[in-house]
Amino acid sequence: MATPYPRTRQQNGPNARTAPRTVLVTGAGSGIGRATAHAFADEGAHVVAVGRREAPLVETAGHDPSRISPLVADITAADGPETVVRTALDRHGRLDVLVNNAGLVNGRSLRTYTRATVDPLLATNLLAPVLLTQAALPALEDSRGVIVNVTTSVGQRGWPGNSLYAAGKAALEVLTRSWAVELAPLGIRVAAVAPGAIDTPIGDHAGLAPEQQAAIRAWQLDHTPLGRIGRPEEVAWAIARLASPRASFITGVILPVDGGAVVA
Ligand code: NAP
């Protein structure tokens, strides 16, 4: 089958073991994605930081502009996934890690969902990771790379009042397990982290009023045995560990980073 992208050179060349890895992080302008971009840059990787707004991406890259390059793109656009992967390859000639992190919440009761509210939610949280992963496959096959999906601890339990968000993330977990098996013969590993309550601007991005966010936080704290909200860096650490070459025998795993929420 013809591949739409040029094969990477470095992987099979003399620098295969020493060349810095290239990591694509979606939703890298804030929260967990920003912390993940920083974590990989600190390890010496080249990070392509994807988001729709330029200013937050530039701020993310300010951590280490020699390692992190912003890429303004909408992963739900028709040509978004292909553009993102091709740009990463144009910049660095290889792709080793894809972190499907960009996501939206859109809290609603079942009665109030409409096509107009469901479509962007599933396009961002479910379809875009599918199409991005598909677009990245030839490059990841060359690098024997890693895919890390970002799901949520409520995907394993259900979230009344936000059921489509939970359902999309649960589907991403099923995809993680399925792809781990499907892509293993290609040398590609697939894993996910399932964050609990993490201190990020996701509620602001959803347009939630401060009192709504406070109510959600109170509920989350009540359901988190460690009794606090997590930090984006704590999730980023787990993503980087799952993507590490030293995690070479780990695939198909969903790792909760949730202060114990899923087992409580
Ligand atoms: P966040 O700060 O809102 O980050 C999400 C990022 O995704 C934003 O920077 C946004 O930037 C980007 N994005 C959204 N739509 C996009 C699109 N179509 N194309 C490209 N980029 C897009 O939220 P976060 O909390 O860090 O969330 C990261 C992931 O963790 C999400 O998948 C979320 O579901 C998951 N998660 C978060 C929590 C939590 O408590 N925070 C808990 C469980 C799971 P632009 O608007 O500039 O595009």
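See above for the structure.
Residues numbered from 1 in each chain as written. Predicted model: local features only at pLDDT ≥ 70, side-chain atom pairs only at ≥ 80, totals over all residues. Heavy atoms only, no water.

### Some points on unusual backbone geometry
No. 1: Its identity as a non-glycine residue notwithstanding, Arg144 has a phi of 50°, on the positive side.
No. 2: By the secondary structure assignment, Arg144 is in the loop between helix 4 (115-143) and strand 5 (146-150). (Helix = DSSP H or I, 4+ residues; strand = E, 2+ residues; numbered from the N terminus.)

### Quick look at the site of the ligand
No. 1: In the vicinity of the ligand, 30 residues are found, and the nearest of them are Asn101, Tyr165, Lys169, Thr200 and His205.
No. 2: Here a nitrogen atom of the ligand and a backbone polar atom of Ile75 are 3.0 Å apart.
No. 3: Summarising the interface, the protein chains cover 96% of the accessible area of the ligand, which totals 880 Å² for the free molecule.
No. 4: When contributions to the shell around the ligand are tallied by element, the ones reaching two or more residues are helix 1 (31-42), helix 5 (163-183) and helix 6 (202-205).
No. 5: Of the residues in the shell around the ligand, the class split is twelve nonpolar, 14 polar and four charged. (Near = heavy atom within 4 Å. Polar contact = N/O pair within 3.5 Å; in protein donor to acceptor, adjacent residues only side chain to side chain. Areas by Shrake-Rupley, 256 points an atom, 1.4 Å probe, with all protein chains shown as cover. Nonpolar A, V, L, I, M, F, W, Y, C, P; charged D, E, K, R; others polar.)

### Section: the nonpolar core
No. 1: Core analysis: the biggest nonpolar cluster contains 28 residues, and Phe40, Val99, Val193 and Ile239 have the highest contact counts within it.
No. 2: Counting residues per element, this core draws most heavily on helix 8 (residues 232-243), which supplies six residues.
No. 3: Discounting residues that sit within four places of it in the chain, Val193 has contacts with Val148, Asn149, Val150, Thr151, Val235, Ala238, Ile239, Leu242, Leu255 and Val257.
No. 4: One finds Leu24, Leu95, Ala136 and Leu183 within the second-largest nonpolar core, a separate group that totals 25 residues. (Core = buried A, V, L, I, M, F, W, Y, C linked by side-chain atoms within 4.5 Å. Buried < 20%, exposed > 50% of the residue type's maximum accessible area, 1.4 Å probe, protein only. Contact = heavy atoms within 4.5 Å.)

### Regarding helix 3 (residues 80-92)
No. 1: When the terminal C-alpha atoms of helix 3 are compared, their 18 Å separation across 13 residues agrees well with the 18 Å that a helix rising 1.5 Å per residue should span.
No. 2: Residues of helix 3 that are buried: Gly80, Pro81, Val84, Val85, Thr87, Ala88, Leu89 and His92.
No. 3: Packed against the buried residues of helix 3 are strand 1 (22-26), strand 2 (46-51), strand 3 (68-72) and helix 4.
No. 4: Trailing helix 3 by a residue or two, Gly93 shows a phi angle of about 75°, which is positive. (Expected span 1.5 Å × (residues − 1).)

### Topic: the pairing of strand 6 (residues 189-195)
No. 1: Counting buried positions along strand 6 gives seven out of seven residues, so the element sits mostly inside the fold.
No. 2: The two faces of strand 6 match: Arg189, Ala191, Val193 and Pro195 on one face and Val190, Ala192 and Ala194 on the other face are all buried.
No. 3: Pairing between strand 5 and strand 6: five bridges, direction parallel. From the neighbouring strand, Val150 faces strand 6, where its bridge partner is Val193.
No. 4: Crossover strand 5 to strand 6 through helix 5 is right-handed.
No. 5: Where strand 6 lies against strand 7 (residues 254-257), four bridges are found, and the strand directions are parallel. Looking at strand 7, one finds that Ala194 is bridged to Pro256. (Pairing = 2+ DSSP bridges. Right-handed = clockwise from strand over helix to strand, strands pointing away.)

### Examining the sheet that holds strand 7
Pairing between sheet strands relies on hydrogen bonds along the backbone, with the strands arranged either parallel or antiparallel.
No. 1: Read across the open sheet, the seven strands follow the order 3-2-1-4-5-6-7; overall the sheet is parallel. For this open sheet the edge positions go to strand 3 and strand 7, each flanked by a neighbour on one side alone. Within the sheet, the average angular offset between the axes of one strand and its neighbour, ignoring direction, is 20°.
No. 2: Running over the sheet, helix 2 (residues 54-61) touches strand 2 and strand 3 and is turned about 170° from strand 3.
No. 3: Set on the sheet, helix 8 makes contact with strand 4 (97-100), strand 5, strand 6 and strand 7; between it and strand 6 the angle comes to about 165°. (Axes fitted to C-alpha atoms, helices over the stretch in contact; angles between N-to-C directions.)

### Comments concerning the pattern of salt bridges
No. 1: Scanning the entire structure with this criterion turns up seven salt bridges.
No. 2: The partner of Glu43 in a salt bridge is Arg241, and the shortest N-O contact between them spans 2.7 Å. Taken together, the residues Glu43 in the loop between helix 1 and strand 2 and Arg241 in helix 8 connect sequence positions 198 residues apart.
No. 3: A residue is classified by how much of its surface remains accessible, and Glu43, at 40% relative accessible area, is partly exposed.
No. 4: Residue Arg241 is classed as partly exposed on the basis of its relative accessible area of 33%.
No. 5: What emerges from the salt-bridge pattern is a single network uniting Arg21, Glu43 and Arg241. (Salt bridge = Lys/Arg side-chain N within 4 Å of Asp/Glu carboxyl O.)

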